[in-house]
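Notes for the structure review
The residues making up each chain are set out below.
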Amino acid sequence: MPPALAARFTGAAQQVPDTDWHLERLYDFADELGASVLVATHSRYVIDLNRPPDNASLYPGQSVTSLCPIDIFDNTPIYAKPGDEPDEAEIDDRRKTIWEPYHQQLAAELARIRAVHGVAGLWDAHSICSVVPRFFEGTLTDLNLGTGKGTSCAAALGERLLADAKSASGYTSVLNGRFTGGYITRHYGQPANNVHAVQLEMTWSCYMAEHPPYEYLPETAKGISPHLRRMLETMLNFLEGH
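Here we summarise the structure given alongside this text. Everything numeric here is computed off the predicted structure, so don't read it as measured data. (Residues numbered from 1 in each chain as written. Predicted model: local features only at pLDDT ≥ 70, side-chain atom pairs only at ≥ 80, totals over all residues. Heavy atoms only, no water.)

So, about the environment of Gly 158. As for its placement among the helices and strands, Gly 158 is situated in helix H5 (residues 155–166). Residue class for Gly 158 comes out buried when judged on its relative accessible area of 5%. Distance in space between the C-alpha atoms of Gly 158 and Gly 182 is 16 Å, their sequence separation being 24 residues. (Helix = DSSP H or I, 4+ residues; strand = E, 2+ residues; numbered from the N terminus. Buried < 20%, exposed > 50% of the residue type's maximum accessible area, 1.4 Å probe, protein only.)

By the element assignment, Thr 203 lies in strand E4 (residues 195–203). Among the residues examined, Thr 203 registers a relative accessible area of 0% and is labelled buried.

This part is about the pairing of strand E2 (residues 143–146). The side chains of a regular strand alternate, first on one face of the sheet and then on the other. Of the two faces of E2, the one carrying Leu 143 and Leu 145 and the one carrying Asn 144 and Gly 146 are both buried. Across three bridges, the pairing between E2 and strand E3 (residues 173–175) is parallel. Each residue of the ladder has a partner; that of Asn 144, found in E3, is Val 174. With H5 bridging E2 and the parallel E3, this β-α-β connection has right-handed handedness. As defined by bridge partners, E2 adjoins E4 across four bridges and the pair is classed as antiparallel. For Asn 144, the partnering residue across the bridge sits in E4 and is Glu 201. (Pairing = 2+ DSSP bridges. Right-handed = clockwise from strand over helix to strand, strands pointing away.)

Attention now goes to the packing of aromatic side chains. On inspection of all chains with the given rule, the structure shows nine aromatic pairs. Each ring, one from Tyr 27 and one from Phe 29, has its centre 5.8 Å from the other, and the planes form 40°; the classification is tilted. Each of the two residues, Tyr 27 as well as Phe 29, counts as buried. The rings of Phe 9, Tyr 45 and Tyr 79 are connected pair by pair, giving a single aromatic cluster. It is Arg 178 that lies over the ring of Tyr 59; its NZ or CZ is 5.0 Å from the centre. (Phe/Tyr/Trp six-rings, centres within 6.5 Å; stacked < 30°, edge-to-face > 60°. Lys NZ or Arg CZ within 6 Å of the ring centre and 35° of its normal.)

Quick look at helix H7 (residues 218–240) now. Across its 23 residues, H7 extends 32 Å between first and last C-alpha, which sits within 8% of the 33 Å expected from 1.5 Å per residue. Along its length, H7 reaches its greatest deviation from straightness, about 35°, at Ile 224, and the proline Pro 226 lies no more than four positions downstream. The complete set of buried residues in H7 reads Ala 221, Ile 224, His 227, Leu 228, Met 231, Leu 232, Thr 234, Met 235, Phe 238 and Leu 239. Looking at the buried residues of H7, the elements they touch are helix H3 (23–26), strand E1 (120–128), E2, H5 and E4. (Expected span 1.5 Å × (residues − 1). Bend = angle between axes of the 7 residues up to and from the residue. Contact = heavy atoms within 4.5 Å.)

Okay, structure coming up:
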(Lines give C-alpha, C1' and ligand atoms only; values in the text may rest on other atoms or scores of the structure.)
Protein backbone atom coordinates (compact mmCIF):
# COMPACT_ATOMS: atom_id res chain seq x y z
CA MET A 1 0.00 0.00 0.00
CA PRO A 2 1.72 3.23 -1.10
CA PRO A 3 1.94 5.51 1.98
CA ALA A 4 0.53 8.51 0.11
CA LEU A 5 -2.54 6.50 -0.83
CA ALA A 6 -2.97 4.98 2.63
CA ALA A 7 -2.99 8.52 4.05
CA ARG A 8 -6.25 9.12 2.17
CA PHE A 9 -7.89 6.10 3.80
CA THR A 10 -10.01 5.77 6.91
CA GLY A 11 -8.40 4.10 9.91
CA ALA A 12 -10.38 0.93 9.23
CA ALA A 13 -9.32 0.82 5.59
CA GLN A 14 -5.66 1.29 6.53
CA GLN A 15 -5.85 -2.17 8.11
CA VAL A 16 -6.80 -3.50 4.61
CA PRO A 17 -9.27 -6.02 6.06
CA ASP A 18 -10.47 -7.37 2.70
CA THR A 19 -7.20 -9.15 1.99
CA ASP A 20 -6.35 -12.68 0.87
CA TRP A 21 -4.20 -13.06 3.97
CA HIS A 22 -1.19 -15.38 4.34
CA LEU A 23 -1.82 -17.43 1.22
CA GLU A 24 1.87 -17.67 0.33
CA ARG A 25 2.39 -19.34 3.70
CA LEU A 26 -0.66 -21.56 3.46
CA TYR A 27 0.31 -22.78 -0.01
CA ASP A 28 4.01 -23.15 0.78
CA PHE A 29 3.87 -26.72 -0.57
CA ALA A 30 3.24 -25.43 -4.10
CA ASP A 31 6.98 -25.27 -4.82
CA GLU A 32 7.27 -28.98 -4.03
CA LEU A 33 4.68 -29.70 -6.70
CA GLY A 34 6.68 -27.75 -9.28
CA ALA A 35 4.17 -24.93 -9.51
CA SER A 36 4.97 -21.52 -10.90
CA VAL A 37 3.71 -19.01 -8.33
CA LEU A 38 2.62 -15.45 -9.11
CA VAL A 39 1.85 -13.23 -6.10
CA ALA A 40 0.21 -9.81 -6.14
CA THR A 41 2.32 -6.94 -4.82
CA HIS A 42 -0.44 -4.42 -4.05
CA SER A 43 -3.57 -4.43 -1.94
CA ARG A 44 -6.87 -4.84 -3.77
CA TYR A 45 -7.70 -1.39 -2.36
CA VAL A 46 -5.17 -0.04 -4.84
CA ILE A 47 -6.52 -2.11 -7.73
CA ASP A 48 -8.27 -5.46 -7.83
CA LEU A 49 -6.42 -7.80 -10.17
CA ASN A 50 -9.43 -10.12 -10.25
CA ARG A 51 -11.74 -7.56 -11.84
CA PRO A 52 -12.17 -6.85 -15.57
CA PRO A 53 -10.13 -3.88 -16.82
CA ASP A 54 -13.32 -2.14 -17.97
CA ASN A 55 -14.83 -2.55 -14.47
CA ALA A 56 -17.77 -4.63 -15.77
CA SER A 57 -19.71 -6.41 -13.02
CA LEU A 58 -18.81 -10.05 -12.45
CA TYR A 59 -22.17 -10.70 -10.79
CA PRO A 60 -24.83 -8.51 -12.44
CA GLY A 61 -27.65 -7.68 -10.09
CA GLN A 62 -25.62 -8.46 -6.97
CA SER A 63 -23.52 -6.23 -4.75
CA VAL A 64 -19.92 -6.15 -5.98
CA THR A 65 -16.79 -4.07 -5.49
CA SER A 66 -15.08 -2.23 -8.33
CA LEU A 67 -11.72 -2.35 -10.07
CA CYS A 68 -10.46 0.36 -7.70
CA PRO A 69 -12.75 -0.12 -4.69
CA ILE A 70 -14.15 2.83 -2.78
CA ASP A 71 -15.81 0.83 -0.01
CA ILE A 72 -14.91 -1.99 2.35
CA PHE A 73 -16.82 -5.28 2.25
CA ASP A 74 -18.86 -3.98 5.20
CA ASN A 75 -20.08 -1.10 2.98
CA THR A 76 -18.13 1.60 4.87
CA PRO A 77 -15.98 4.05 2.85
CA ILE A 78 -12.32 3.37 2.12
CA TYR A 79 -11.53 7.05 1.60
CA ALA A 80 -11.72 9.36 4.61
CA LYS A 81 -12.83 12.50 2.77
CA PRO A 82 -15.48 12.87 0.07
CA GLY A 83 -13.75 13.62 -3.21
CA ASP A 84 -10.63 11.64 -2.30
CA GLU A 85 -11.81 8.68 -4.35
CA PRO A 86 -9.73 8.00 -7.46
CA ASP A 87 -10.84 9.74 -10.62
CA GLU A 88 -10.68 8.15 -14.07
CA ALA A 89 -7.12 9.38 -14.65
CA GLU A 90 -5.88 7.82 -11.41
CA ILE A 91 -7.71 4.57 -12.11
CA ASP A 92 -6.17 4.46 -15.58
CA ASP A 93 -2.71 5.00 -14.10
CA ARG A 94 -3.18 2.15 -11.64
CA ARG A 95 -4.47 -0.05 -14.44
CA LYS A 96 -1.42 0.63 -16.58
CA THR A 97 1.23 0.41 -13.86
CA ILE A 98 -0.11 -2.49 -11.74
CA TRP A 99 -3.00 -4.37 -13.37
CA GLU A 100 -1.57 -4.69 -16.87
CA PRO A 101 1.94 -5.86 -15.87
CA TYR A 102 0.45 -8.54 -13.60
CA HIS A 103 -1.79 -9.87 -16.34
CA GLN A 104 0.95 -9.69 -18.95
CA GLN A 105 3.12 -11.83 -16.68
CA LEU A 106 0.29 -14.28 -15.97
CA ALA A 107 -0.57 -14.66 -19.66
CA ALA A 108 3.08 -15.15 -20.59
CA GLU A 109 3.61 -17.78 -17.91
CA LEU A 110 0.53 -19.75 -18.90
CA ALA A 111 1.70 -19.64 -22.52
CA ARG A 112 5.16 -20.84 -21.47
CA ILE A 113 3.79 -23.72 -19.44
CA ARG A 114 1.46 -24.80 -22.22
CA ALA A 115 4.30 -24.62 -24.76
CA VAL A 116 6.43 -26.91 -22.59
CA HIS A 117 3.76 -29.36 -21.44
CA GLY A 118 0.96 -29.01 -23.97
CA VAL A 119 -1.45 -28.05 -21.20
CA ALA A 120 -1.54 -25.54 -18.34
CA GLY A 121 -3.47 -25.35 -15.08
CA LEU A 122 -4.24 -22.16 -13.18
CA TRP A 123 -5.19 -22.31 -9.50
CA ASP A 124 -6.43 -18.89 -8.39
CA ALA A 125 -6.18 -18.82 -4.58
CA HIS A 126 -8.33 -16.42 -2.57
CA SER A 127 -9.72 -16.14 0.95
CA ILE A 128 -12.42 -14.13 2.68
CA CYS A 129 -14.07 -13.56 6.04
CA SER A 130 -16.65 -16.27 6.73
CA VAL A 131 -19.40 -13.74 7.47
CA VAL A 132 -19.95 -10.87 5.01
CA PRO A 133 -23.65 -9.92 4.98
CA ARG A 134 -23.15 -7.65 1.98
CA PHE A 135 -22.50 -10.63 -0.27
CA PHE A 136 -24.27 -13.59 1.35
CA GLU A 137 -26.53 -14.53 4.23
CA GLY A 138 -25.25 -16.42 7.25
CA THR A 139 -21.87 -18.15 7.22
CA LEU A 140 -20.11 -18.81 3.94
CA THR A 141 -19.20 -22.31 2.84
CA ASP A 142 -15.55 -23.03 3.74
CA LEU A 143 -14.31 -24.18 0.34
CA ASN A 144 -15.88 -22.36 -2.61
CA LEU A 145 -14.65 -23.78 -5.89
CA GLY A 146 -15.39 -21.73 -9.00
CA THR A 147 -15.02 -22.81 -12.60
CA GLY A 148 -17.03 -20.09 -14.30
CA LYS A 149 -20.09 -22.34 -14.08
CA GLY A 150 -18.21 -25.04 -15.92
CA THR A 151 -16.58 -22.89 -18.60
CA SER A 152 -13.05 -22.42 -17.26
CA CYS A 153 -11.94 -26.04 -16.95
CA ALA A 154 -12.94 -29.54 -18.01
CA ALA A 155 -16.09 -30.70 -16.26
CA ALA A 156 -14.33 -33.83 -15.02
CA LEU A 157 -11.67 -31.75 -13.28
CA GLY A 158 -14.28 -29.66 -11.48
CA GLU A 159 -16.06 -32.81 -10.33
CA ARG A 160 -12.85 -34.39 -9.04
CA LEU A 161 -11.92 -31.26 -7.12
CA LEU A 162 -15.38 -31.06 -5.57
CA ALA A 163 -15.06 -34.70 -4.51
CA ASP A 164 -11.74 -33.85 -2.84
CA ALA A 165 -13.30 -30.88 -1.08
CA LYS A 166 -16.29 -32.91 0.12
CA SER A 167 -13.96 -35.56 1.52
CA ALA A 168 -12.37 -32.92 3.79
CA SER A 169 -13.99 -33.81 7.11
CA GLY A 170 -15.07 -30.81 9.14
CA TYR A 171 -15.20 -28.41 6.18
CA THR A 172 -18.13 -27.44 3.98
CA SER A 173 -17.71 -27.14 0.22
CA VAL A 174 -19.50 -26.16 -2.98
CA LEU A 175 -18.80 -25.88 -6.70
CA ASN A 176 -19.99 -22.71 -8.45
CA GLY A 177 -22.03 -21.50 -5.51
CA ARG A 178 -21.85 -17.87 -4.37
CA PHE A 179 -18.42 -17.54 -6.00
CA THR A 180 -18.06 -18.91 -9.51
CA GLY A 181 -14.65 -17.45 -10.27
CA GLY A 182 -13.54 -13.92 -10.92
CA TYR A 183 -11.99 -12.30 -13.96
CA ILE A 184 -8.80 -14.36 -13.77
CA THR A 185 -10.58 -17.71 -13.79
CA ARG A 186 -13.12 -16.74 -16.43
CA HIS A 187 -10.66 -14.97 -18.73
CA TYR A 188 -7.75 -17.42 -18.70
CA GLY A 189 -9.66 -20.66 -18.34
CA GLN A 190 -9.92 -22.01 -21.89
CA PRO A 191 -10.19 -25.78 -21.69
CA ALA A 192 -10.62 -26.08 -25.47
CA ASN A 193 -7.13 -24.54 -25.73
CA ASN A 194 -5.72 -26.74 -22.95
CA VAL A 195 -5.74 -24.10 -20.22
CA HIS A 196 -7.79 -25.17 -17.20
CA ALA A 197 -8.49 -22.54 -14.51
CA VAL A 198 -10.06 -22.97 -11.07
CA GLN A 199 -10.67 -20.45 -8.28
CA LEU A 200 -10.82 -21.40 -4.64
CA GLU A 201 -12.38 -18.81 -2.34
CA MET A 202 -11.74 -20.14 1.16
CA THR A 203 -12.96 -18.80 4.49
CA TRP A 204 -10.35 -17.29 6.80
CA SER A 205 -11.67 -19.43 9.65
CA CYS A 206 -9.99 -22.43 8.00
CA TYR A 207 -6.52 -21.16 8.84
CA MET A 208 -6.37 -17.73 10.52
CA ALA A 209 -7.97 -15.27 12.93
CA GLU A 210 -10.88 -13.38 11.40
CA HIS A 211 -10.27 -10.17 13.35
CA PRO A 212 -7.35 -7.69 13.43
CA PRO A 213 -4.44 -8.19 13.34
CA TYR A 214 -5.50 -11.22 11.28
CA GLU A 215 -2.89 -13.63 12.59
CA TYR A 216 -2.01 -16.86 10.85
CA LEU A 217 -2.96 -19.78 13.12
CA PRO A 218 -0.53 -22.63 12.41
CA GLU A 219 -2.45 -25.28 14.35
CA THR A 220 -5.70 -24.36 12.60
CA ALA A 221 -3.98 -24.26 9.22
CA LYS A 222 -2.65 -27.78 9.73
CA GLY A 223 -6.20 -29.02 9.38
CA ILE A 224 -6.86 -27.60 5.93
CA SER A 225 -3.38 -27.74 4.40
CA PRO A 226 -3.44 -31.46 3.44
CA HIS A 227 -6.76 -30.99 1.67
CA LEU A 228 -5.45 -28.04 -0.32
CA ARG A 229 -2.46 -30.06 -1.34
CA ARG A 230 -4.67 -32.96 -2.37
CA MET A 231 -6.74 -30.68 -4.61
CA LEU A 232 -3.66 -29.27 -6.31
CA GLU A 233 -2.31 -32.79 -6.79
CA THR A 234 -5.65 -33.77 -8.32
CA MET A 235 -5.36 -30.90 -10.78
CA LEU A 236 -1.79 -31.84 -11.59
CA ASN A 237 -2.69 -35.50 -12.13
CA PHE A 238 -5.58 -34.47 -14.36
CA LEU A 239 -3.33 -32.24 -16.48
CA GLU A 240 -0.68 -34.94 -16.78
CA GLY A 241 -3.33 -37.26 -18.16
CA HIS A 242 -4.14 -34.86 -20.99
